[in-house]
Amino acid sequence: MAQNSRYGKPCMTNLPPKLGRQIINEIMSSPQPNRRSMQEKSQKTMDELKKKMETKKV
């Protein structure tokens with residue numbers, strides 16, 4: 001039976017202010033994800049998986 005993984009939220013309460021600002025700035029300045037390439041990779045992977053599953057059925 002699979003178990004769910006639980007992750008806690010990171011606590012930034014006790015960080016020095018300079019470090020906290022650096023972390024937030026890094027998060028805010030990260031590039032937007034390229035959803036088209038992610039979708040293409042996902043579709044390619046699914047197609048490969050389907051082919052492998054079809055060969056296993058024979």
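Look up a bit, the structure's there.
Here is what the cut-offs are and how they apply
In every chain, residue numbers begin from 1 and rise along the written sequence. In keeping with the predicted nature of the model, local features appear solely for residues at pLDDT of at least 70, side-chain atom pairs appear and are counted solely at 80 or more, and the whole-chain, interface and lining totals rest on all residues. Values reported for side chains reflect all heavy atoms of the structure, with hydrogen atoms and water molecules removed beforehand. The numbering of helices and of strands both runs from the N terminus, where a helix is a DSSP run of H or I of at least 4 residues and a strand a run of E of at least 2. Only protein chains enter the accessibility calculation, which uses a 1.4 Å probe; a residue whose area is less than 20% of its type maximum is buried, one above 50% is exposed, and one in between is partly exposed. Method for areas: the Shrake-Rupley scheme with a 1.4 Å probe, in which residue coverage is limited to the protein chains shown. Asp and Glu are treated as the negative residues and Lys and Arg as the positive ones, with His and the ends of the chain left uncounted. Every charge is mapped to an atom, namely NZ of Lys, CZ of Arg, CG of Asp or CD of Glu. Helix span, as expected, comes to 1.5 Å for every residue beyond the first. The definition of a polar contact used here is a pair of N or O atoms within 3.5 Å, where within protein one atom must be able to donate a hydrogen and the other to accept one, and adjacent residues in sequence count solely through side-chain atom pairs. Note on contacts: a residue pair qualifies if any of its non-hydrogen atoms lie within 4.5 Å across the two residues.

Student: Please clarify how the overall build of the chain should be interpreted in this entry.
Tutor: Helix and strand counts for the chain stand at 2 helices and 0 strands. Projected onto its principal axes, the C-alpha positions of the chain cover 60 × 35 × 10 Å. By the burial criterion, 2% of the 58 residues in the chain qualify as buried. Accessible surface, the chain as shown: approximately 6,600 Å² in total, 55% of it carbon and sulfur. Positive and negative side-chain charges in the chain, numbering 13 and 5 respectively, have mean positions lying 9 Å apart.

Student: Looking at this structure, I do not really get the environment of K41. What am I missing?
Tutor: Within the secondary structure layout, K41 lies in helix α2 (residues 35–57). A sequence separation of 15 residues divides K41 from K56, and the C-alpha atoms of the two residues are 23 Å apart.

Student: Could you clarify how one ought to interpret the environment of K44 in this entry?
Tutor: Here K44 lies in helix α2. Expressed as a C-alpha distance, the spacing of K44 and K56, which sit 12 residues apart in the sequence, is 19 Å.

Student: Mind showing me how you'd approach α2 here?
Tutor: Since there are 3.6 residues in each turn of an α-helix, residues three or four apart along the chain are aligned in direction. In a regular helix each residue adds 1.5 Å, so 23 residues correspond to 33 Å; α2 covers 33 Å between its end C-alpha atoms and thus fits that length. Between a side-chain oxygen at the N-terminus of α2 and the backbone nitrogen of R36 the separation is 3.3 Å; the capping residue is N34.

Student: Could you clarify how one ought to interpret helix α1 (residues 17–28) in this entry?
Tutor: Look at α1: 16 Å from first C-alpha to last across 12 residues, which is about the 16 Å you get at 1.5 Å a residue. Burial runs low along α1: only 1 of the 12 residues are buried.

Student: Please clarify how the environment of I23 should be interpreted in this entry.
Tutor: Within the fold, I23 resides in helix α1. Here I23 is in contact with M12 and L15, once residues within four sequence places are set aside.

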